[in-house]
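Take a look at the letters that make up each chain.
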Amino acid sequence: MPRTRRRSRPRCLLLRRRVLGPADPPIEALARGHDRSSFNSGAEELDRYLKEQASQDLRRHLAAIFVAHDAGRVVGYYSLSATAIELNDLPGDLARRLPHYPQVPATLLGRLAVDGSWQGRRLGERLLIDALFRSLASELASYAVVVDARDEAAARFYRRYGFMPLGQSQRRMFLPMATVARLPHA
Ligand SMILES: CC(C)(COP(=O)(O)OP(=O)(O)OC[C@H]1O[C@@H](n2cnc3c(N)ncnc32)[C@H](O)[C@@H]1OP(=O)(O)O)[C@@H](O)C(=O)NCCC(=O)NCCS
């Protein structure tokens, strides 16, 4: 029998959840009072989504949007919605441990972006961890968190936290919820 390759220990397992400092922007659900007008992450489609589409998606129950804000000014955000993973797209060693359903439920972290003024200050990491724990806490069952990395740099960012390629694509990636559940809680 071929030996199952041992996965390297995801970096996110080693993450310590930081205590929120006074200067850390709070993260909360997008609301009317949040100012998005100057948000600029350098990824035009993600900036436009926040300014023009996010509220509509929220109203239509297509996505939940969470923002980090600095005195009301949005400096980072992410979106969550429901998706499904084709069993065939999972690595064999994981798929073999699941029942033979064609698909399993998952949570899509559809967008994640940080304003240029805050990039490199661990806000992306905080938003990602917030998204993972929020997904874990949902009462709806979800096998994994799925992301669509917009480019190779974004894929590298997600790989640091243990995300693995889903199917043939190097850009669609997933992190099993069982891994999130093993993260140290705050
Ligand atoms: C990718 C993004 C969310 C990262 O946010 P950030 O606040 O700048 O990142 P952080 O400061 O939290 O960085 C956390 C770690 O990830 C690394 N990192 C950040 N951006 C990275 C990138 N593009 N590629 C590889 N590693 C990256 C940091 O070096 C840091 O690692 P360290 O612990 O070794 O120091 C942000 O740069 C962004 O909004 N980019 C444009 C939109 C985008 O690409 N979104 C990705 C989803 S499609």
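Residues numbered from 1 in each chain as written. Predicted model: local features only at pLDDT ≥ 70, side-chain atom pairs only at ≥ 80, totals over all residues.

## Side note on the overall build of the protein
Each helix and strand counted, the protein has 5 helices and 7 strands in total. Counting helices and strands in the order they occur from the N terminus, the protein gives β-α-β-β-α-β-α-β-α-β-β-α. When contacts within the protein are restricted to residue pairs at least 6 apart in sequence, those whose partners lie at least 24 apart make up 66%. (Helix = DSSP H or I, 4+ residues; strand = E, 2+ residues; numbered from the N terminus. Contact = placed C-beta atoms within 7 Å.)

## Structural notes on the site of the ligand
Around the ligand sit 21 residues in total, of which Gln119, Gly124, Glu125, Ala153 and Ala154 are the nearest. If one sorts the elements of the shell around the ligand by residue count, helix α4 (residues 152–160) sits on top with 5 residues. The residue inventory of the shell around the ligand, partitioned by class, reads 10 nonpolar, 5 polar and 6 charged. (Near = placed C-beta within 6 Å. Nonpolar A, V, L, I, M, F, W, Y, C, P; charged D, E, K, R; others polar.)

## A few points about the sheet that holds strand β2 (residues 64–70)
Read across the open sheet, the 7 strands follow the order β1-β2-β3-β4-β5-β7-β6; overall the sheet is mixed. This sheet does not close on itself; its edge strands, each paired only once, are β1 (27–29) and β6 (164–165). In the sheet, strand β3 (residues 73–86) pairs with strand β4 (residues 103–114) via 11 bridges, with the strands oriented antiparallel. If you follow Ser81 over to β4, its bridge partner there is Leu108. Strands in contact with helix α3 (residues 123–137) are β1, β2, β3, β4 and β5 (144–148); relative to β3, the strand with the most contacts, it is inclined by about 40 degrees. (Pairing = 2+ DSSP bridges. Axes fitted to C-alpha atoms, helices over the stretch in contact; angles between N-to-C directions.)

## Topic: the confidence of the model for the protein
With 88% of its residues at a pLDDT of at least 70, the protein reaches an overall mean of 91. Every residue in residues 1–6 is under pLDDT 50, and counting partners more than four places away or in other chains gives 1 contact. (pLDDT = per-residue confidence, 0-100.)

## Let's talk about the pairing of β4
Buried residues dominate β4, accounting for 9 of its 12 residues. Note on the crossover from β4 through α3 to β5: the handedness is right-handed. (Buried ≥ 20, exposed ≤ 12 C-beta atoms within 10 Å, placed from the backbone. Right-handed = clockwise from strand over helix to strand, strands pointing away.)

## Let's talk about the nonpolar core
One finds Leu109, Ala144, Val145, Val146 and Phe174 to be the most contacted residues of the largest nonpolar core, which totals 45 residues. Looking at this core, the elements with two or more residues in it are α1 (44–59), β2, β3, β4, α3, β5, β7 (172–176) and α5 (177–181). In this structure, Val146 is in contact with Thr83, Ile85, Ala106, Thr107, Leu108, Leu109, Leu166, Arg172 and Phe174, ignoring residues within four places of it in sequence. (Core = buried A, V, L, I, M, F, W, Y, C linked by C-beta atoms within 7 Å.)

## Quick notes on the environment of Ala181
Summarising the element assignment, Ala181 is placed in helix α5. Between the C-alpha atoms of Ala181 and Phe133, which are 48 residues apart in sequence, the distance is 8.2 Å.

## Focus: unusual backbone geometry
Even without glycine at this site, Ala71 takes up a positive phi of about 50 degrees. Topologically, Ala71 is positioned in the loop between β2 and β3. With a phi angle near 70 degrees, Arg122 is a residue other than glycine that sits in the positive phi range. For Arg122, the location among the structural elements is in the loop between β4 and α3.

## Observations concerning the environment of Ala82
Within the element layout of this structure, Ala82 appears in strand β3. Classification of Ala82 as partly exposed rests on a count of 14 C-beta atoms within 10 Å. For Ala82 and Pro105, which are 23 residues apart along the polypeptide, the C-alpha to C-alpha distance reads 7.5 Å. Excluding residues within four positions of it along the chain, Ala82 makes contact with Pro105, Thr107 and Leu108.

## So, the environment of Glu86
Residue placement: Glu86 occurs in strand β3. Note: C-alpha distance between Glu86 and Val104 (18 residues apart in sequence) is 6.6 Å. In contact with Glu86, other than residues within four places in its own chain, are Pro102 and Gln103.

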